[in-house]
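Spelled out from the first residue to the last, the chains are:
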Amino acid sequence: MQTGNFIDELDTLLSLFPVDGSPLLLLSDFNLPSDKLQSSCLQTLLSSFDLTLNPSPPTHRGGNTLDLVFSRPSPALDVTVTPLHCSDQYFLSFSLSCPALPVHITPSHSSFARRNLRSVSPSSLASTILTTLPHPDSFSSLSLNTATDTLLSSLSSAFNHLCPLSPRSTRSSPPAPWLSDVLRNNRRELRRAERKWRRSQLDSNLHTYQAILSRFSVEVTSAKSSFYKKKLEESASDPRKLFSIFSSLLNPPSPPPPSSLTPEDFVTFFEETCPLDPIPSTLLRSISLDLLPFISSLINSSLSSGCVPQAFKTARVVPII
């Protein structure tokens, strides 16, 4: 077999493996001495797949290293050779660290955490918070920052105790549902052409790569068009599905913010809970009478000292772009 054909066929073989950096081990009797290995394009090809050559002692009785071990991402460790009486090739041995796979893999599902606010009773929440706070007289004698941190810590710990985060799973739709097996094969062909051009830097290979890229772009556009046309035809009798499909395709922008704010807008804005809040604002309002001595103490202390508690100087700013 000629070296050129071997390189092209090896390129085709490696293109079948995922390009997400997953572990890969390649070892064989390449029958390439070190001087020919440096002058060949084998290492350039394998480097494009993030495969690294692992150094090893000579693997042949003649003193050449013919058996090569390439790996990603972790290199092979302690490559050793053992002479064999029945062959002029040596026996290679090495250790390889492989990442542990999770016990249960659900690639089509993603998880998020949420709280069941309906399970929280305002009376239970207020009772739990008050048991962790000092007496109002002792609370008022604390420094402003210490008193603020104490109140916020009590609110947060009581809320987490009564309403902990619980994981929930949500099914995610597969990415690019229009991507067929034919398109995947054409994408691999496109990547092979790109790597071939980057290795050689020849104009002929560049023109080939550009032609395949143009053809692939047309195929992707056609596949998307056919997919969504079929989806629209199937949902012709369901206006809700049609609206959802059009919304996902058009991505309408959110309405612009109002040019003027009313007092009702101001109140509505602060009724929403910020991620920095220790508990939701709705729950805080429901137990505000129980916490009134502590909140009043903080406000009076802040006004008399002319200082804002350090904990209240942190903001979460979301730019409107």
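Quick caveat: nothing in here was measured; it's all calculated off a predicted structure.

**Some points on the overall build of the protein**
So, point 1. From N to C terminus, the protein includes twelve helices and seven strands.
So, point 2. Across the protein, every contact between residues at least 6 apart in sequence was considered, and the portion connecting residues at least 24 apart equals 64%.

**A closer look at the nonpolar core**
So, point 1. Among the nonpolar cores identified, the biggest contains 19 residues, and Leu125, Ile129, Leu151, Ile287 and Leu291 are the most heavily contacted of them.
So, point 2. Those elements that place two or more of their residues in this core are α4 (122-132), α6 (144-162) and α12 (288-305).
So, point 3. Here this core takes six residues from α6, the largest share from any one element.
So, point 4. Leaving out residues up to four positions away in the same chain, Ile287 has contacts with Pro122, Leu125, Ala126, Ile129 and Ile279.
So, point 5. Ranked by size, the runner-up nonpolar core spans 14 residues in total, among them Ile7, Leu32, Leu45 and Leu46.

**Quick notes on the side chain of Ser302**
So, point 1. Mapped onto the fold, Ser302 is located in helix α12.
So, point 2. In this structure Ser302 comes out as buried when scored by relative accessible area, which is 17%.
So, point 3. Once you skip the residues sitting within four places of it in the chain, Ser302 turns out to touch Leu144, Cys307, Val308 and Pro309.

**A few points about the sheet that holds strand β1 (residues 24-29)**
So, point 1. Read from one edge to the other, the open sheet built from three strands follows the order β1-β3-β2, with strand pairing classed as antiparallel. The two strands at the open ends of the sheet, each matched to only one other strand, are β1 and β2 (52-53).
So, point 2. Two elements, β2 and strand β3 (residues 67-72), share two bridges in a ladder whose sense is antiparallel. Looking at the pairing, Thr52 lines up with Ser71 of β3.

**A look at unusual backbone geometry**
So, point 1. One non-glycine residue, Gln201, adopts positive backbone phi at about 60°.
So, point 2. Note that Gln201 resides in the loop between α7 (181-200) and α8 (203-234).

**Notes on α12**
So, point 1. A rise of 1.5 Å per residue sets the reference length of α12, with its 18 residues, at 26 Å; its end C-alpha atoms lie 24 Å apart and thus fit the reference within 8%.
So, point 2. Most pronounced at Phe294, the bend in α12 amounts to some 35°.
So, point 3. All of the buried residues in α12 are Leu291, Phe294, Ser297, Leu298 and Ser302.
So, point 4. In the core, the buried residues of α12 are packed alongside α4, α5 (136-140), α6 and α11 (281-286).
So, point 5. Looking one or two residues past α12, Gly306 carries a phi angle of roughly 70°, positive in sign.

**Some details on the packing of α8 against helix α9 (residues 239-250)**
How two helices sit against one another is set out by the angle between their axes and by the gap between those axes.
So, point 1. One can describe the packing of α8 onto α9 by two numbers: an axis separation of 9 Å at closest approach and a directional angle of 155°. Between α8 and α9, the interaxial angle falls into the category roughly antiparallel. Regarding α8 and α9, the two cross each other, and that crossing is left-handed. The segment α8 lies against α9, with Tyr228, Lys231 and Leu232 engaging Leu242, Ile245, Phe246 and Leu249.
So, point 2. Here the residues of the contact of α8 with α9 sort into six nonpolar, no polar and one charged.

**Describing the packing of aromatic side chains**
So, point 1. Here the structure, examined in full by the defined rule, presents three aromatic pairs.
So, point 2. Summarising the aromatic geometry, the rings of Phe227 and Tyr228 are spaced 5.0 Å apart at their centres and angled 80° between planes, so their arrangement reads as edge-to-face.

**Considerations on the pattern of salt bridges**
So, point 1. Within the structure shown, the criterion is met by three salt bridges.
So, point 2. Across the pair Asp181 and Arg184 runs a salt bridge, and its minimum N-O distance is 3.4 Å. Of this pair, Asp181 and Arg184 are both found in helix α7, three residues apart, which corresponds to roughly one turn of the helix.
So, point 3. For Asp181, a relative accessible area of 58% corresponds to the exposed category.
So, point 4. Residue class for Arg184 comes out partly exposed when judged on its relative accessible area of 31%.

**A look at the pairing of β3**
Two faces, one strand: in a regular strand the side chains alternate between the faces of the sheet.
So, point 1. Within β3, six of the six residues are buried, which leaves the element mostly enclosed by the surrounding structure.
So, point 2. Side-chain alternation along β3 places Asp67, Val69 and Ser71 on one buried face and Leu68, Phe70 and Arg72 on a second face that is also buried.
So, point 3. Bridge analysis of β1 against β3 gives six bridges, and the strand direction is antiparallel. Residue pairing for β3: Leu24 is matched across the bridge by Arg72.

**Observations concerning the confidence of the model for the protein**
So, point 1. Looking at the protein as a whole, the pLDDT averages 79, with 80% of positions reaching at least 70.
So, point 2. Taken element by element, the protein is modelled with least confidence in strand β6 (residues 109-114), mean pLDDT 64, and with most confidence in α12, mean pLDDT 94.
So, point 3. Taken as a whole, residues 104-108 scores under 50 in pLDDT and shows two contacts with residues more than four places along the chain or in a different chain.

**Brief notes about α4**
So, point 1. Of the positions making up α4, those classed as buried are Leu125, Ala126 and Ile129. The buried residues of α4 occupy one face: seen down the axis, they fall within an arc of 95°. In α4, the exposed positions that point more than 90 degrees away from the buried face belong to Ser123 and Thr131.
So, point 2. On its buried side, α4 packs onto α6, α11 and α12.

Conventions we followed
- Residues numbered from 1 in each chain as written.
- Predicted model: local features only at pLDDT ≥ 70, side-chain atom pairs only at ≥ 80, totals over all residues.
- Heavy atoms only, no water.
- Helix = DSSP H or I, 4+ residues; strand = E, 2+ residues; numbered from the N terminus.
- Contact = heavy atoms within 4.5 Å.
- Core = buried A, V, L, I, M, F, W, Y, C linked by side-chain atoms within 4.5 Å.
- Buried < 20%, exposed > 50% of the residue type's maximum accessible area, 1.4 Å probe, protein only.
- Pairing = 2+ DSSP bridges.
- Expected span 1.5 Å × (residues − 1).
- Bend = angle between axes of the 7 residues up to and from the residue.
- Axes fitted to C-alpha atoms, helices over the stretch in contact; angles between N-to-C directions.
- Parallel < 35°, antiparallel > 145°, perpendicular 65-115°, else oblique.
- Left-handed = near helix turned anticlockwise from the far one by under 90°.
- Nonpolar A, V, L, I, M, F, W, Y, C, P; charged D, E, K, R; others polar.
- Phe/Tyr/Trp six-rings, centres within 6.5 Å; stacked < 30°, edge-to-face > 60°.
- Salt bridge = Lys/Arg side-chain N within 4 Å of Asp/Glu carboxyl O.
- pLDDT = per-residue confidence, 0-100.
- Arc of directions from axis to C-beta.

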